[in-house]
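Take a look at the letters that make up each chain.
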Amino acid sequence: MMLRTEPFVVNIGPQHPSSHGLFRLRVTLDGEVVKDLELVLGYLHRGIEKLAEGRTYTQNITLTDRLDYLAQMTNNWAYVIAVEKLAGIKVPERAEYLRVIIGEMMRLSSHLCFIGFFLNELGAYFTPLFYMFRDREKIIDLFDMVCGQRLNYNYMRVGGVSHDIPEEFVPALKRLLDEMPRLIDEYEQLLSGNEILLARTKKVGILTKEKAINCSASGPVLRASGVKWDIRKVDPYSVYDRFDFEIPVGSVGDVYDRYWVRVQEMRQSVRILKQALEQLPKGETKAEVPFLLRPPVGDAYGRIEGPKGELGFYLVSDNSIAPYRWHVRPPALLNLTALRELAIGWKLADAIVIFGSLDTILGEVDR
Amino acid sequence: MTVMEQFRNWLAGAMPDWAAYILAFIVGVVAILIFALVMIIVFVYIERRVVGRFQVRLGPNRCGPEGIFQLIADAIKVFGKEDIVPSKGDFWVHFLAPIVTFVPALMIFAVVPFHRGAVFTDLDVGILYVVAISSISVVGIFMAGWGSNNKYSLIAALRAVAQAVSYELPVVLSVVGVILLTGTLSLNKIVEVQTIPLFLLTPLGFLIFFLGTMAEINRSPFDLLEAESEIVAGYQMEYSGMKWVLFYMGEYGHALAASSIITTLFLSGWKGPLLPPFLWFLIKVLIVFFIFMWARATVPRLRVDQLTAFAWKCLLPMALINLVLIAAEVIWFPEMLPWMMVVVNFAVAGVLILLWSRLFALGGGRVEV
């Protein structure tokens with residue numbers, strides 16, 4: 001007897017435990033197998049790019065906090081780099097080092113969040129998430145110490161940072177850095193060799209090198225596919241050329257590699273932070289910048305290696321106090337474009353895990 | 001003679017036989033219900049606190065000393081909820097599903113020996129009864145998934161059926177090993193016959209039974225029916241208020257029943273030195289439940305095809321080999337020293353597990369569409 005079957009359309013989201021914000025996946029299922037998958041974006045659109053055109057260059061820093069809300073200060077950083085390029089401002093050395101320190105701490109915090117949520121998507125009952133949040137909390141306490149905020153920091157300024165770090169910051173960070181490698185080892189012991197994790201992630205959702213480059217993926221997603229591309233090395237900004245660190249590269253490009261690359265990056269971040277603390281010079285933390293900045297007519301593209309990939313800001317100035325055009329290159333959106341191709345043919349559970357492994361933050365995708 | 005029979009005879013001295021029979025029956029049922037419900041509450045409390053500790057947090061500790069009244073607060077909240085039936089759902093199927101899921105968990109306790117002779121009915125086919133009753137609850141889950149008219153629930157319902165069909169076989173085969181060793185189907189006699197705990201004599205059977213039961217009661221890592229990251233709440237999606245509580249209690253009721261059965265079959269039930277037998281029974285049940293909690297707090301979830309593959313390719317062949325091994329030992333070496341048997345069976349179990357972990361790897365699984 002032949003049974004009549006028909007595809008089964010399931011909406012995952014906009015409200016769903018693993019949608020990382022407001023996001024809808026329209027999945028066509030054949031039993032458990034994903035036959036087709038459609039991304040429905042825009043639930044979190046706030047018109048930030050348009051809003052920015054009506055605000056001054058300094059006011060816009062606070063808007064960048066609202067993009068990727070798990071890595072706020074790297075957004076600040078990419079934006080101020082673009083403005084500094086546009087206006088030709090030289091940043092004091094101490095400010096550059098502070099930016100590197102803050103940026104690498106942000107990367108640690110963002111990757112910790114990734115591992116926690118990723119394991120939750122794999123079905124671990126919140127345990128890794130709580131461990132990761134315990135450690136993220138320590139980093140956030142340090143941010144609190146630096147700028148008095150815990151979520152929307154608004155710390156970077158055009159020409160430097162808003163104010164110097166307090167005295168107790170450096171010893172506290174050193175304590176954290178001494179502790180961090182041990183904690184990462186502990187997580188790797190629990191997670192990286194876990195049979196179920198390996199069964200769920202190895203060879204699942206393979207993004208080949210060519211496809212990764214074609215869909216203009218960046219960051220850990222690109223590096224997991226075996227492309228050695230890190231803006232910190234290939235186009236060093238700030239003072240990254242003074243540090244000694246490696247770029248972890250995956251070999252297969254599966255979900256496991258994306259997870260593994262991020263864990264290794266955390267170790268490298270700790271390495272960079274240690275060197276930055278040793279080299280941290282004394283001096284000014286902010287260049288003299290006029291209150292109402294009027295950059296000369298022109299355009300500039302500032303980019304950094306954010307925790308999620310190449311984060312870029314494209315600014316056009318018409319010599320007024322507000323940018324004429326303010327455009328973001330969000331790594332999460334461009335990485336997300338690979339999802340459809342990756343998820344088709346896998347089970348529903350895999351589609352969720354592949355989506356999680358791309359580390360998407362919807363605040364950045366929809367803007 | 002069991003405690004129930006003694007009680008009935010004692011009552012029969014004062015009243016007609018039929019009245020004694022009914023009264024003894026009611027008293028027994030009430031006692032078991034109280035035990036099961038109290039233990040379910042204790043389990044829920046313990047799980048919330050212990051999993052909290054696993055997750056570097058405290059767990060509920062505000063309501064009463066050490067948070068023991070938290071459940072009462074939760075219960076009051078849940079009783080006040082509106083009972084919602086999906087407008088396009090099947091009312092009767094939706095209504096009956098929680099009952100069909102919860103009641104079998106309680107029915108299992110009819111044959112569980114809690115103490116020396118303390119068993120509600122000492123059925124001669126106790127194990128068959130347990131196997132039969134424990135597979136009814138999956139019907140309730142399927143009814144819930146079907147009657148809710150919700151796509152997530154339907155996926156969960158189909159997964160439930162696949163899971164139950166796959167794991168029933170290895171579980172039953174490993175139970176046959178126990179029957180061969182003890183020579184009886186009555187749970188009461190199985191405990192009495194066990195001079196050393198059976199998990200030592202049949203380690204592989206114990207492991208298979210443990211994993212299979214974990215899958216049957218949908219504990220993590222086999223909790224695909226309520227896989228939050230995929231199908232949100234699964235079959236419980238459209239349930240609220242009292243019906244949802246029945247599912248919740250059913251989940252812990254099945255965990256309690258499974259722990260009791262594992263204790264009875266493999267951990268020599270109420271037997272133990274010094275402490276009173278009933279206390280030993282409780283301690284062993286809690287140890288088994290602790291391992292359930294431990295697994296839940298530690299490991300991620302398997303995928304649906306890996307789950308069934310694990311049952312068919314891993315547990316089932318091992319259960320068959322285990323059965324043949326025990327049958328051979330029972331037939332050809334009946335006077336084999338128990339400790340000799342322990343050594344041989346542990347060695348065989350170790351070799352088999354090593355072999356399977358080398359030969360058999362889960363993973364991959366893309367389907368061309």
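Residues numbered from 1 in each chain as written. Chains lettered and ligands numbered in written order. Predicted model: local features only at pLDDT ≥ 70, side-chain atom pairs only at ≥ 80, totals over all residues.

1. Side note on the overall build of chain B
Line of reasoning, step 1. When helices and strands are tallied, chain B shows 15 helices and 0 strands.
Line of reasoning, step 2. Against the globule reference of 21 Å for 369 residues, chain B gives a C-alpha radius of gyration of 22 Å, in line with a compact fold.
Line of reasoning, step 3. With the C-alpha coordinates aligned to their principal axes, the bounding extent of chain B is approximately 70 × 65 × 40 Å.
Line of reasoning, step 4. By the burial criterion, 42% of the 369 residues in chain B qualify as buried.
Line of reasoning, step 5. Across chain B, every contact between residues at least 6 apart in sequence was considered, and the portion connecting residues at least 24 apart equals 77%. (Helix = DSSP H or I, 4+ residues; strand = E, 2+ residues; numbered from the N terminus. Rg over C-alpha atoms; globule rule 2.2 N^0.38 Å. Buried ≥ 20, exposed ≤ 12 C-beta atoms within 10 Å, placed from the backbone. Contact = placed C-beta atoms within 7 Å.)

2. Notes on the confidence of the model for chain B
Line of reasoning, step 1. With 98% of its residues at a pLDDT of 70 or more, chain B shows a mean pLDDT of 85.
Line of reasoning, step 2. Taken over the whole predicted complex, pTM reads 0.86, whereas the ipTM for its chain interfaces reads 0.81. (pLDDT = per-residue confidence, 0-100.)

3. A short note on helix H4 (residues 91–107) of chain B
Residues and elements named next belong to chain B.
Line of reasoning, step 1. Compared with an ideal rise of 1.5 Å per residue, which puts 17 residues at 24 Å, H4 spans 25 Å between its outermost C-alpha atoms and is within 8% of the ideal.
Line of reasoning, step 2. Along H4, the residues classified as buried are His 94, Ala 97, Pro 98, Val 100, Thr 101, Phe 102, Pro 104, Ala 105 and Leu 106.
Line of reasoning, step 3. Residues of H4 that are buried in the fold lie against helix H2 (17–54), helix H5 (126–134), helix H6 (137–147) and helix H12 (241–266). (Expected span 1.5 Å × (residues − 1).)

4. Thoughts on the sheet that holds strand E2 (residues 24–30) of chain A
Residue and element names in this part refer to chain A.
Line of reasoning, step 1. In spatial order, the strands read E1-E2-E3; together these 3 strands make up an open sheet with antiparallel pairing. Of all strands in the sheet, those with a lone pairing partner are strand E1 (8–12) and strand E3 (33–40), marking the two edges. Each adjacent strand pair in this sheet contributes to an overall mean axis angle of 20°, direction not counted.
Line of reasoning, step 2. Here E2 runs beside E3; their pairing, made up of 7 bridges, is antiparallel. Bridged to Arg 24 within E3 is Val 40. (Pairing = 2+ DSSP bridges. Axes fitted to C-alpha atoms, helices over the stretch in contact; angles between N-to-C directions.)

5. Points about the interface of chain A and chain B
Line of reasoning, step 1. Tallying the contact residues gives 37 residues for chain A and 30 residues for chain B.
Line of reasoning, step 2. Among the elements that line the side of chain A that touches chain B, the one with the most residues is helix H7 (residues 195–201) of chain A, at 5 residues.
Line of reasoning, step 3. Of the residues that constitute the side of chain A that touches chain B, the class distribution is 20 nonpolar, 7 polar and 10 charged. (Nonpolar A, V, L, I, M, F, W, Y, C, P; charged D, E, K, R; others polar.)

6. Comments concerning unusual backbone geometry
All names here are of chain B.
Line of reasoning, step 1. Non-glycine residue Asn 149 carries a positive phi angle of around 55°.
Line of reasoning, step 2. As for its placement among the helices and strands, Asn 149 is situated in the loop between H6 and helix H7 (151–182).
Line of reasoning, step 3. Notably, Val 232 is not glycine yet its phi reads approximately 55°, a positive angle.
Line of reasoning, step 4. Here Val 232 is to be found in the loop between helix H11 (228–231) and H12.

7. Let's talk about the nonpolar core
Line of reasoning, step 1. Residues A:Val83, A:Ala351, A:Ile354 and B:Ile262 are the most contacted members of the largest nonpolar core, which totals 198 residues.
Line of reasoning, step 2. For this core, the element with the most residues is helix H4 (residues 93–122) of chain A, which contributes 15 residues.
Line of reasoning, step 3. The contacts of B:Ile262, once residues within four sequence positions are left out, are B:Phe209, B:Phe210, B:Thr213, B:Leu267 and B:Val288. (Core = buried A, V, L, I, M, F, W, Y, C linked by C-beta atoms within 7 Å.)

8. Some words on the packing of H4(B) against H12(B)
All names here are of chain B.
Line of reasoning, step 1. At a minimum axis separation of 8 Å, H4 and H12 run at an interaxial angle of 30°. When the axes of H4 and H12 are compared, the pair comes out roughly parallel. You can see that H4 and H12 cross each other, and the crossing is left-handed. Residues Pro 98, Ile 99, Thr 101, Phe 102, Ala 105 and Leu 106 of H4 form the contact with H12, whose participating residues are Lys 243, Leu 246, Phe 247, Met 249, Gly 250, Gly 253, His 254 and Ala 257.
Line of reasoning, step 2. Residues belonging to the contact of H4 with H12 are distributed by class as follows: 9 nonpolar, 4 polar and 1 charged. (Parallel < 35°, antiparallel > 145°, perpendicular 65-115°, else oblique. Left-handed = near helix turned anticlockwise from the far one by under 90°.)

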